[in-house]
Amino acid sequence: GAVVSQHPSRVICKSGTSVKIECRSLDFQATTMFWYRQFPKQSLMLMATSNEGSKATYEQGVEKDKFLINHASLTLSTLTVTSAHPEDSSFYICSALLAGGFDEQYFGPGTRLTVT
Amino acid sequence: EDQVTQSPEALRLQEGESSSLNCSYTVSGLRGLFWYRQDPGKGPEFLFTLYSAGEEKEKERLKATLTKKESFLHITAPKPEDSATYLCAVQAPPEYKLSFGAGTTVTVRA
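Notes on the structure follow.

How each quantity is defined
Residues numbered from 1 in each chain as written. Chains lettered and ligands numbered in written order. Predicted model: local features only at pLDDT ≥ 70, side-chain atom pairs only at ≥ 80, totals over all residues. Heavy atoms only, no water. Helix = DSSP H or I, 4+ residues; strand = E, 2+ residues; numbered from the N terminus. Buried < 20%, exposed > 50% of the residue type's maximum accessible area, 1.4 Å probe, protein only. Contact = heavy atoms within 4.5 Å. Disulfide = S-S within 2.5 Å. Pairing = 2+ DSSP bridges. Axes fitted to C-alpha atoms, helices over the stretch in contact; angles between N-to-C directions. Polar contact = N/O pair within 3.5 Å; in protein donor to acceptor, adjacent residues only side chain to side chain. 1 Å grid on protein atoms, 1.4 Å probe; cavity = no way out; pocket = protein on both sides within 12 Å on 5 of 7 lines; lining within 4 Å. Points joined across faces, edges and corners; volume = space filled by probe spheres on them. Nonpolar A, V, L, I, M, F, W, Y, C, P; charged D, E, K, R; others polar. Phe/Tyr/Trp six-rings, centres within 6.5 Å; stacked < 30°, edge-to-face > 60°.

## Structural notes on the environment of E45(B)
All names here are of chain B. In this structure, E45 sits in strand 5 (residues 45-50). Take E45: its relative accessible area is 39%, and that puts it in the partly exposed class. Distance from E45 to K79, taken between C-alpha atoms, is 18 Å for residues 34 residues apart in sequence. For E45, the contacting residues outside a window of four places in its chain are W35, Y36, R37 and K59.

## Things to note about the state of the cysteines
Residues and elements named next belong to chain A. Here the structure, examined in full by the defined rule, presents two disulfides over all chains. Disulfide partner of C23: C94, at an S-S distance of 2.0 Å. Disulfide C23-C94: the torsion about the S-S bond is 80°, which places it as right-handed. Separated by 71 residues along the polypeptide, C23 in strand 3 (residues 19-25) and C94 in strand 9 (residues 90-97) bring together distant segments of the chain. Pair check on accessibility: C23 and C94 agree, each one buried.

## Overview of the sheet that holds strand 8 (residues 76-81) of chain A
Residues and elements named next belong to chain A. Taken in spatial order, the four strands make up an open sheet running 1-3-8-7, and their pairing is antiparallel. Among the strands making up the open sheet, the edge pair consists of strand 1 (4-7) and strand 7 (67-73). On average, adjacent strands in this sheet sit at an angle of 15° to one another, irrespective of strand direction. Examined bridge by bridge, strand 7 and strand 8 share five bridges and lie antiparallel to one another. Its bridge partner being in strand 8, N70 is matched across the sheet by T78.

## Brief notes about the side chain of Q38(B)
Topologically, Q38(B) is positioned in strand 4 (residues 32-38). In this structure the side chain of Q38(B) is engaged in a polar contact, spanning 2.9 Å, whose partner is the side chain of Q38(A). Non-local contacts of Q38(B), meaning those with residues more than four positions away in its chain, are made with Q38(A), L44(A), F91(A), I93(A), G43(B), P44(B), A84(B), T85(B) and L87(B).

## What about the side chain of S95(A)?
Residues and elements named next belong to chain A. Structurally, S95 can be placed in strand 9. Look at S95 and you get buried, because its relative accessible area is 0%. Beyond its immediate stretch of four places on either side in the chain, S95 contacts T32, M33, F34, Y36, Q105, Y106 and F107.

## Some remarks on the layout of surface pockets
By volume, the largest pocket amounts to about 580 Å³. For the lining of the largest pocket, the secondary-structure elements that each account for two or more residues are strand 9 (84-91) and strand 11 (104-109) of chain B. If you tally residues by element for the lining of the largest pocket, the top one is strand 9 of chain B, at three residues. Class assignment for the residues of the lining of the largest pocket results in eight nonpolar, nine polar and five charged. Estimated volume of the second largest pocket: approximately 500 Å³. What lines the second largest pocket is a set of 18 residues, among which M45(A), L46(A), E59(A), E1(B) and S99(B) lie closest to the centre. Residue classes in the lining of the second largest pocket are distributed as nine nonpolar, four polar and five charged.

## Digging into the packing of aromatic side chains
Evaluated as defined, the whole model comprises eight aromatic pairs over all chains. Arranged with centres 5.8 Å apart and planes meeting at 85°, the rings of Y36(A) and F100(B) form a pair that is edge-to-face. Placement of Y36(A) in strand 4 (residues 32-38) and of F100(B) in strand 10 (residues 98-100) is noted, with the two residues assigned to different chains. A centroid spacing of 5.9 Å and a plane angle of 45° characterise the contact between Y36(B) and F100(B), whose relative ring orientation is tilted. Highlighted residues: Y36(B) in strand 4 and F100(B) in strand 10, separated in sequence by 64 residues. Each member of the pair Y36(B) and F100(B) is classed as buried. Feature note: the residues Y36(A), F107(A), Y36(B), F46(B) and F100(B) constitute an aromatic cluster, connected by ring pairs.

Below, the structure written as structure tokens:
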């Protein structure tokens, strides 16, 4: 149980375009999802907390107009990188918190974004 | 601000050579300390949650312990398949977000 999927797993886009990444909890409901980015050989950096039916909470230094987050249902959150630039190239990982729980976050497999 | 420091950064072990990883933390009121395993190019895989000092949890060759200031992940008689980056994270109220350490990359040679 507690499986989280991400789509796509890898994406290459041109500078200036937008890219949408989906995060789905497959066998449980998640009122809260989190989005992280990870640079090579570095740890996970939290970008934002996504709550179902409300606006996302962004960490300091993360541009909310550039990284649009939507959590429209209890099983789906999306991250859209708008007007992507090469510096946005990174490994993006989502996690989901079991509804009614506060313990483990279950992580997706990650999305490798490359902006050319 | 929550701080999590993991050491060492990298650990190279011979198969069967037991060792320990350290996670030191500073947090205002610990809700839980989490250990994850991450393989290259993949998302973290949950291993353990520890809630209070003195608590211990085991899973196969791994054992996690917790004190008021640090946690240890002991790897007993490791195998090459235990090679991965091990991440430690803390969670503090009132929020549910995790603050991660930089990780320890473990390489086990046959």
